[in-house]
Amino acid sequence: MIKRILMASDGSRTSGRALKVAIEMAKKTGAKLTLVGVIDNRLYVGRAMPADVTPTQIAEPVEDYLMQVAGAYLATDAKRCKQQGLKPEMVIRMGHPVEEILKEARRSKADLLVMGSHGASGIGAAMGSVAFGVLQSESRVPVLVVRK
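Residues numbered from 1 in each chain as written. Predicted model: local features only at pLDDT ≥ 70, side-chain atom pairs only at ≥ 80, totals over all residues. Heavy atoms only, no water.

### Section: helix α1 (residues 13-29)
This is how it is decided: Helix numbering and strand numbering both begin at the N terminus, where a helix is a DSSP run of H or I of at least 4 residues and a strand a DSSP run of E of at least 2. Expected span of a helix: the number of residues minus one, times 1.5 Å. Three labels apply to residues, based on accessible area from a 1.4 Å probe with only protein chains included: buried if under 20% of the type maximum, exposed if over 50%, partly exposed otherwise in between. Throughout, a contact is declared for two residues whenever any of their heavy atoms are within 4.5 Å.
For α1, with 17 residues, the first-to-last C-alpha span of 25 Å sits near the 24 Å given by 1.5 Å per residue. Among the residues of α1, T14, S15, G16, A18, L19, A22, I23 and A26 are the ones counted as buried. Elements in contact with the buried residues of α1: β1 (4-9), β2 (32-39), α2 (62-83), β6 (112-116) and β7 (143-146).

Put into structure tokens, the structure is as follows:
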């Protein structure tokens, strides 16, 4: 039986489609829903965002800016959940997306992981690199990949 669903979100259109499926599954099974967003900080360590592109109009580290962006799209997802009568937990992690999603699946004791087939990067491959990485992992958590 499915008691906990982990929904990996990145704010993309495909992620939104996956969220819709996760919400429906949580409602039908009575499962708790956790939303996870991962900031891939491998390329951004030590850089700063110029003041004119940040919400605070103050130069800030890229990690802080990306944390705000992730918080915003997870808040939007949580709002959609609440409109459907669910109260999701929200988690933001930093690191390699595949590894962090799998760590969160273990931490939250997820019975099912739901994610979109393609993320915000928009790479035109048959499947996004994060979804592919999660499917190729040694994890025993079932994964539902929602196509774009």
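### Overview of the sheet that holds β7
Where we set the bar: In this description, strands pair whenever DSSP reports at least two bridges between them. Under this scheme, a helix contributes an axis fitted over its contacting stretch, all axes are lines through C-alpha atoms, and angles between N-to-C directions fall in the 0 to 180 degree range.
Pairing in this open sheet of five strands is parallel, and the strands run β5-β2-β1-β6-β7 from one edge to the other. The open sheet is flanked by β5 (89-94) and β7, the only strands paired with a single partner. Along the sheet, successive strands turn relative to each other by an average axial angle of 25°, direction set aside. With six bridges joining them, β2 and β5 adopt parallel strand pairing. Across the sheet, residue V36 finds its bridge partner in β5, namely V91. This element, α2, spans β1, β2 and β5 of the sheet and lies at about 155° to β2. The sheet strands contacting helix α3 (residues 97-107) are β1, β2, β5 and β6, and the helix crosses β5 at an angle near 140°.

### Let's talk about a positive patch on the surface
Selection criterion: Candidates for patches are residues over 30% relative accessible area with no salt bridge; among them, like charges are joined within 9 Å and nonpolar side chains (Val, Leu, Ile, Met, Phe, Trp, Tyr) within 5 Å. To be clear on the numbers: accessible area is Shrake-Rupley with a 1.4 Å probe, and residue cover counts the displayed protein chains and nothing else. Here, a salt bridge means any side-chain nitrogen of Lys or Arg that lies within 4 Å of a carboxyl oxygen of Asp or Glu. His is not counted here, nor are the chain ends, while Lys and Arg score as positive and Asp and Glu score as negative. Charged side chains are reduced to one point each, which is NZ for Lys, CZ for Arg, CG for Asp and CD for Glu.
A grouping of K3, R4, K32 and K109 is seen on the molecular surface, where their side chains present a positively charged patch. Residue position: K109 is located in the loop between α3 and β6. According to the relative accessible area criterion, K109 is exposed, its value standing at 65%.

### Focus on the pairing of β2
Convention followed: With the strands pointing away from the viewer, any crossover whose connection runs clockwise from the first strand over the helix to the second is right-handed.
Most of β2 is tucked away, with seven of its eight residues classed as buried. Inspection of the sheet shows β1 paired to β2 by six bridges, in the parallel sense. Across the sheet, A8 pairs through a bridge with V36, a residue of β2. Taken together, β1, α1 and β2 form a β-α-β motif whose crossover is right-handed.

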